Amino acid sequence: MTLDMAATTPPKMVFEHEGVFIHSAADDSEDQDLISGYLRIVEKDGETLVEYKPLEDADPSNMLCACKDSSSVVEWTQSSEDNPHRPLDHQLSYETEWDMVNAVSFRRKVHANGDGGLNHLNERNKWAFSFNVCDLRSITVKCEGWSYLTFRFKDGTSIPAIHFHQGGSSEFLDSLRKSVQISESPDDESVLIVSSYSKAFSQSFENLFEDANFNFVQCDQRPAEEVADLVGELIPGLEINQQEEPGFEVITRLDLGPRPEVHRSAPVTLEEWVKYQDSEGRMINLPQLKDAIFKGGLCHAVRKEAWKLLLGYFPWDNTHDERKLLQKNKTDEYFRMKLQWKSVSEEQERRNSRLRDYRSLIEKDVNRTDRNNKFYEGLDNPGLILLHDILMTYCMYDFDLGYVQGMSDLLSPILFVMENEVDAFWCFVSLMDEMHENFEEQMQGMKTQLIQLSTLLRLLDLAFWNYLEAQDSGYLYFCFRWLLIRFKRELHFQDVLRLWEVMWTRLPCQNFHLLVCCAILDSEKQKIMDRKYGFNEILKHINELSMKLDIEEILSKSESICVQIKSCKDLPHSVSEILGLKRVSQPSAALETSEYGMLESPQSSPRSSQRSVSNGHSHLKTTENGSRAAFIS
């Protein structure tokens, strides 16, 4: 393999380690050479490359690199006599045009074929290699006094093992994990399975949010199989292979009985809200209050106070004075974090690529978030400044996650309601506590939800699920954005506020948002099946539902589906797990029950259970088998 030395963008060195060896013979024969070199991980032209370069043993300061045309070789030689004994790791850096440069000045000389040094050079340089990490299939890790790694590629080829005689293999693998997903093989603990996610993950969000129509696949001119594969690539980590997941529950067709009619109520008014407070401001009669919010939502005048409680920013049993003290402490904490990024100089930021990337992406997304809403419209809008500052401060709060596209969509309605920077930040933190796995690179939250949604749809309408499966749509990838940002791009802004506050009651079951998906699909299934839509048409049809959905109709049908499922006597265990419908025969006196049989603890903060409740991960946190049982085959 050879290296292209004409990169169009400045490369970024992710990892570099000296003293990595290749053994010229697989066995321990006496005539074996130890080829010493540098191992690097380099980001160049939008790709991540692993590169190995042998050192010239006559003079370790001379770095050799082969051009694409192997008939010419470029050798770097040190032209300055200053400090000839400078340590090698201080001499080397990375530059766009050349693979290796020295920290002092250089000249280059070209050896023509036949020059005396060429044979030796070619002998050493034949061990150089470079490959794109996306081409990796697996890495075998062995240890014989030192660690050595063998790379195997998707085309079935491999290259000689690289030996870390001086350590560094763990650091190399840790750096590699920033670009690819690495997991241990279930069959051999010494084999690490490699799968790509970073670039496709980033691109998937770019495609999902670039325009309002969610046309992330231009599918009109593509065959269905090709589009199905493309969708899988755009949503990495979501490849769901039920054959590889043991322990699935097999369910025959069930009679769920008739779907009952339910009725929505009027929103909770300010006068009604006050009745649920005692003289010191504590909230009382929580089950009844949450039922009322679930049935009708909230008047806008109530939202600012109610959302802080529904999201867990304020505990339900706090007094007015306790909330004021908590808010003061949270204000101090917020501005300490905000000062961290505000005080970073331009010179510091040039050396902090992650912060620089976060800022760039936030600025890009803020400028296109809800700009048709008066709260965010126009140039130099203070709402946009607050949106930007809160997202930047969140990067300080959770630097590992930082900012991912779609998070601005979640913050926008919260800031609109709060009209306060600090309150909006902490409410957003609470929401992200439960939505966190949606935005992680491994996307386990999204994968789990898609499996659970497929499970529920199969229970509710096996014929429709079979139809979707026949169109390569059984895993419901077209629902990806619905789940990722909770229908934010599918509904009008005011309808989003209503839906979110209803879902935050955690009634009438866990993972109610999955039943919302089922309700929408139930309304569209006849059209999809009657018109014999294939994969392309299904995707296009679902995309075009944006801003055409009736929120009250959807909520009524979602609740009706929940009641219908609960009435089933032989409900599969996996479905009960997804919806949190485990029965408790004698609840303790400390627990109150709502109209829907959900257990409520007035003394516990909802925040402690939000993450597991919203995405249905409560059973996943307890046992690994819960995840597997959640899918019905």
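Residues numbered from 1 in each chain as written. Predicted model: local features only at pLDDT ≥ 70, side-chain atom pairs only at ≥ 80, totals over all residues. Heavy atoms only, no water.

- An unreviewed UniProt entry lists the chain under the name TBC1 domain family member 15, from Danionella cerebrum.
- As recorded by UniProt, the Subcellular location (unreviewed entry) comment attached to the chain reads in full: "Cytoplasm".
- What UniProt records for the chain under Function (unreviewed entry) is the sentence "Acts as a GTPase activating protein for RAB7A. Does not act on RAB4, RAB5 or RAB6." (UniProt positions renumbered as here; feature names shortened; annotations may be inferred.)

### Observations regarding the overall build of the chain
Link 1 in the chain: In terms of helices and strands, the chain carries 25 helices and 16 strands.
Link 2 in the chain: The contacts of the chain with a sequence gap of at least 6 include a subset with a gap of at least 24, amounting to 70%.
Link 3 in the chain: Summed over its atoms, the accessible surface of the chain is roughly 29,200 Å², and 47% of this surface lies on carbon and sulfur atoms. (Helix = DSSP H or I, 4+ residues; strand = E, 2+ residues; numbered from the N terminus. Contact = heavy atoms within 4.5 Å. Areas by Shrake-Rupley, 256 points an atom, 1.4 Å probe, with all protein chains shown as cover.)

### Observations regarding the confidence of the model for the chain
Link 1 in the chain: Averaged over all residues, the pLDDT of the chain equals 77, while 69% of them reach at least 70.
Link 2 in the chain: Between residues 597-633, whose pLDDT stays under 50, and residues either more than four places distant or in other chains, the model counts 111 contacts. (pLDDT = per-residue confidence, 0-100.)

### Overview of the packing of aromatic side chains
Aromatic ring pairs are reported here in terms of the distance separating the ring centres and the angle at which the planes meet.
Link 1 in the chain: Across all of its chains, the model carries 23 aromatic pairs by this definition.
Link 2 in the chain: For the ring pair Tyr394 and Phe428, a centre distance of 5.2 Å and an interplane angle of 70° mean the geometry is edge-to-face. In this pair, Tyr394 sits in helix α12 (residues 382-397) while Phe428 sits in helix α14 (residues 421-439), placing the two residues 34 residues apart along the sequence. Across the pair, exposure class does not vary: Tyr394 and Phe428 are buried alike.
Link 3 in the chain: Members of the aromatic cluster, joined through ring pairs, are Phe15, Tyr52, Phe129, Phe131, Phe151, Phe153, Phe164 and Phe172.
Link 4 in the chain: In this structure, Lys330 packs its charged tip against the face of Trp426, placed 4.1 Å from the ring centre.
Link 5 in the chain: Between Arg458 and the ring centre of Trp465, over which it is positioned, the NZ or CZ distance is 4.3 Å. (Phe/Tyr/Trp six-rings, centres within 6.5 Å; stacked < 30°, edge-to-face > 60°. Buried < 20%, exposed > 50% of the residue type's maximum accessible area, 1.4 Å probe, protein only. Lys NZ or Arg CZ within 6 Å of the ring centre and 35° of its normal.)

### Structural notes on unusual backbone geometry
Link 1 in the chain: Cis geometry is found at the peptide bond from Leu507 to Pro508, where omega equals -5°.
Link 2 in the chain: With a phi angle near 60°, Asn511 is a residue other than glycine that sits in the positive phi range.
Link 3 in the chain: Inspection of the secondary structure assignment puts Asn511 in the loop between α18 (493-503) and α19 (512-530).
Link 4 in the chain: Despite not being glycine, Met547 shows a phi value in the positive range, around 70°.
Link 5 in the chain: Following the sequence through the fold, Met547 ends up in the loop between α20 (535-543) and α21 (551-566).
Link 6 in the chain: With relative accessibility at 36%, the residue Met547 sits in the partly exposed group.

### Some details on α20
At 3.6 residues per turn, the α-helix brings residues three or four places apart onto the same side.
Link 1 in the chain: Most of α20 is tucked away, with 7 of its 9 residues classed as buried.
Link 2 in the chain: Listed in full, the buried residues belonging to α20 are Phe535, Asn536, Ile538, Leu539, His541, Ile542 and Asn543.

### A look at the packing of helix α15 (residues 444-460) against α19
Link 1 in the chain: Close contact between α15 and α19 brings their axes to 10 Å; oriented N to C, the two are set at 50°. The angle between α15 and α19 falls in the class oblique. As for how α15 packs across α19, the hand of that crossing is right-handed. Every residue of α19 that contacts α15 at Gln449, Gln452, Leu453, Leu456, Leu457 and Leu460 is listed here: His513, Leu514, Leu515, Cys517, Cys518 and Leu521. (Axes fitted to C-alpha atoms, helices over the stretch in contact; angles between N-to-C directions. Parallel < 35°, antiparallel > 145°, perpendicular 65-115°, else oblique. Left-handed = near helix turned anticlockwise from the far one by under 90°.)

### Considerations on helix α7 (residues 286-296)
Link 1 in the chain: Taking burial as the measure, the 11 residues of α7 include 9 buried ones, the bulk of the element.
Link 2 in the chain: When we look at burial in α7, the residues that qualify are Leu286, Pro287, Leu289, Lys290, Asp291, Ile293, Phe294, Lys295 and Gly296.
Link 3 in the chain: Downstream of α7 by one or two residues, Gly297 has phi in the positive range, about 80°.

### Some details on the pattern of salt bridges
When charged atoms on two side chains of opposite charge get close, those side chains can pair.
Link 1 in the chain: Taken as a whole and assessed by the stated rule, the structure comprises 30 salt bridges.
Link 2 in the chain: With its nearest N and O atoms 3.0 Å apart, the salt bridge here joins Glu552 to Arg264. Remark: Arg264 occurs in the loop between α5 (224-234) and α6 (270-274) and Glu552 occurs in helix α21; sequence separation between them is 288 residues.
Link 3 in the chain: Several salt bridges converge on common partners, so that one network encompasses Arg259, Asp461, Asp522, Lys525 and Lys557. (Salt bridge = Lys/Arg side-chain N within 4 Å of Asp/Glu carboxyl O.)

### A short note on the environment of Ile159
Link 1 in the chain: Along the chain, Ile159 turns up in the loop between β11 (147-153) and β12 (162-164).
Link 2 in the chain: A relative accessible area of 13% places Ile159 in the buried class.
Link 3 in the chain: Ile159 sits 32 residues away from Trp127 along the chain, and the two C-alpha atoms are 9.4 Å apart.

### What to know about the nonpolar core
Link 1 in the chain: Ranked by size, the top nonpolar core spans 120 residues in total, and within it Trp273 and Phe439 carry the most contacts.
Link 2 in the chain: Examining the composition of this core, we find that 11 residues originate from one element, α14, more than from any other.
Link 3 in the chain: Counting contributing residues per domain, this core is built from domain 2 (198-264 + 442-581) and domain 3 (319-437), each supplying no fewer than three.
Link 4 in the chain: Counting residues in each nonpolar core, the second largest holds 27 residues, with Trp127, Ile139, Phe151 and Phe153 among its members. (Core = buried A, V, L, I, M, F, W, Y, C linked by side-chain atoms within 4.5 Å. Domains from an automatic or database assignment.)

### With respect to the pairing of strand β3 (residues 47-54)
Link 1 in the chain: Taking burial as the measure, the 8 residues of β3 include 7 buried ones, the bulk of the element.
Link 2 in the chain: Relative to β3, strand β2 (residues 34-44) is paired through 8 bridges, and the arrangement is antiparallel. Looking at β3, one finds that Gly37 is bridged to Pro54.
Link 3 in the chain: Turn length for the β2-β3 hairpin, with the two strands adjacent in sequence and antiparallel, is 2 residues, and the turn residue Asp45 shows positive phi of about 55°.
Link 4 in the chain: Pairing of β3 with strand β9 (residues 129-132), which is carried by 4 bridges, proceeds in the antiparallel orientation. (Pairing = 2+ DSSP bridges.)

### A closer look at the packing of α18 against α21
Link 1 in the chain: Close contact between α18 and α21 brings their axes to 10 Å; oriented N to C, the two are set at 20°. Of the possible angle classes, the one that applies to α18 and α21 is roughly parallel. In this structure, the crossing between α18 and α21 has a hand that is right-handed. When α18 is examined against α21, the residues Asp495, Arg498, Leu499 and Val502 are found in contact with a partner set consisting of Ile551, Glu552 and Leu555.

### A look at the state of the cysteines
Link 1 in the chain: Across all of its chains, the model carries 0 disulfides by this definition.
Link 2 in the chain: Of all cysteine sulfurs in the structure, the one in Cys479 sits closest to Cys517, which takes part in no disulfide; the separation is 5.3 Å.
Link 3 in the chain: The exposure class assigned to Cys517 is buried, which follows from its relative accessible area of 0%. (Disulfide = S-S within 2.5 Å.)

### Let's talk about a positive patch on the surface
Link 1 in the chain: A contiguous patch of positive charge, built from Lys12, Lys178, Arg354 and Arg356, is present on the exposed surface.
Link 2 in the chain: Mapped onto the fold, Arg356 is located in helix α11 (residues 353-366).
Link 3 in the chain: Given a relative accessible area of 34%, Arg356 falls into the partly exposed group. (Patch = residues over 30% accessible without salt bridge, like charges linked within 9 Å, V, L, I, M, F, W, Y side chains within 5 Å. Lys, Arg positive; Asp, Glu negative; His and termini not counted. Charge placed at Lys NZ, Arg CZ, Asp CG, Glu CD.)

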